[in-house]
Amino acid sequence: MSDDQTCQFECFIRAPREKVFAVLTEQLERWWTTVFDAANKGDLLDAGIDPQPGGACSETSSDGQLKTWGTVLSIEPPLYIRLAWQVSSAGSSLVDPATASRVMISLRQAGEGTRLELVHTDFIRHGDDAAACRELMCSKTGWPLRLSQLANACR
């Protein structure tokens, strides 16, 4: 992690960059953990990213509710994906991507594996919820959990 406005994580994944990018963007059901309220934890039926600028990042719960957690801002397979993070610290969806923080996930080939760097910034866009949102995503149950699960899914 770095300053009070940024969450930054780096990890090494023992898989080629193309595979890591495919699991990251096309196989969320293998590694994603819901970001929505506690009442829906463990209730995740499906998750996906529409891998194009303006594409939705969403989850579907077992009761059929579709919730958006992000919007693809830019993407260059297998190098990076940049997202608007549209979830409050309380686990509710933010409708407007302009009020969302930003997530940049970059992948670099590193020998026989991949170096993944995730930078989550612009929490100030969350207004009064900025500090709580940053704290949550930097905590063990935020990005570290999801990156660990991604690395496991790529094996």
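What counts and what doesn't
Residues numbered from 1 in each chain as written. Predicted model: local features only at pLDDT ≥ 70, side-chain atom pairs only at ≥ 80, totals over all residues. Heavy atoms only, no water. UniProt positions renumbered as here; feature names shortened; annotations may be inferred. Phe/Tyr/Trp six-rings, centres within 6.5 Å; stacked < 30°, edge-to-face > 60°. Helix = DSSP H or I, 4+ residues; strand = E, 2+ residues; numbered from the N terminus. Buried < 20%, exposed > 50% of the residue type's maximum accessible area, 1.4 Å probe, protein only. Lys NZ or Arg CZ within 6 Å of the ring centre and 35° of its normal. Pairing = 2+ DSSP bridges. Axes fitted to C-alpha atoms, helices over the stretch in contact; angles between N-to-C directions. Contact = heavy atoms within 4.5 Å. Arc of directions from axis to C-beta. Lys, Arg positive; Asp, Glu negative; His and termini not counted. Salt bridge = Lys/Arg side-chain N within 4 Å of Asp/Glu carboxyl O. Polar contact = N/O pair within 3.5 Å; in protein donor to acceptor, adjacent residues only side chain to side chain.

What UniProt records for the protein under Sequence similarities (unreviewed entry) is the sentence "Belongs to the AHA1 family."

Turning our eyes to something else, we now look at the packing of aromatic side chains. Applying the stated criterion across every chain, the model contains five aromatic pairs. Considering the side-chain rings of W32 and W69, the 4.4 Å spacing of their centres and the 20° angle between planes classify their relative orientation as stacked. Residue W32 is located in the loop between helix 1 (17–26) and strand 2 (44–49), and its partner W69 is located in strand 4 (residues 66–76); the two are separated by 37 residues in the primary sequence. Using a relative accessible area of 7% as the deciding quantity, one classes W32 as buried. Assessed through its relative accessible area of 1%, W69 is described here as buried. In this structure, R146 is placed above the aromatic ring of W32, and the distance from its NZ or CZ to the ring centre is 5.2 Å.

Moving on, we come to the sheet that holds strand 5 (residues 80–85). Read from one edge of the open sheet, seven strands run 1-7-6-5-4-3-2, paired in antiparallel fashion. Edge strands, defined here as strands with exactly one partner in the open sheet, are strand 1 (7–13) and strand 2. For this sheet, the mean angle separating the axes of adjacent strands, direction not counted, is 20°. Of the strands in this sheet, strand 1, strand 5 and strand 7 (113–121) touch helix 2 (residues 130–138), which is tilted by about 15° from strand 1. Set on the sheet, helix 3 (residues 143–153) makes contact with strand 1, strand 5, strand 6 (101–110) and strand 7; between it and strand 1 the angle comes to about 15°.

Among all positions in helix 3, only W143, R146, L147, L150, A151 and A153 are buried. Each buried residue of helix 3 lies within a common arc of 165° when the element is viewed along its axis, so the set occupies one face.

To continue, consider the side chain of R146. Positionally, R146 belongs in helix 3. Despite its burial, R146 pairs with no opposite charge, the nearest such side chain being E59 at 6.3 Å. One polar contact links the side chain of R146 to the main-chain carbonyl oxygen of T34, over a distance of 3.2 Å. Sequence-distant contacts of R146, that is, excluding residues within four places in its chain, are made with W31, W32, T33, T34, V35, M137 and T141.

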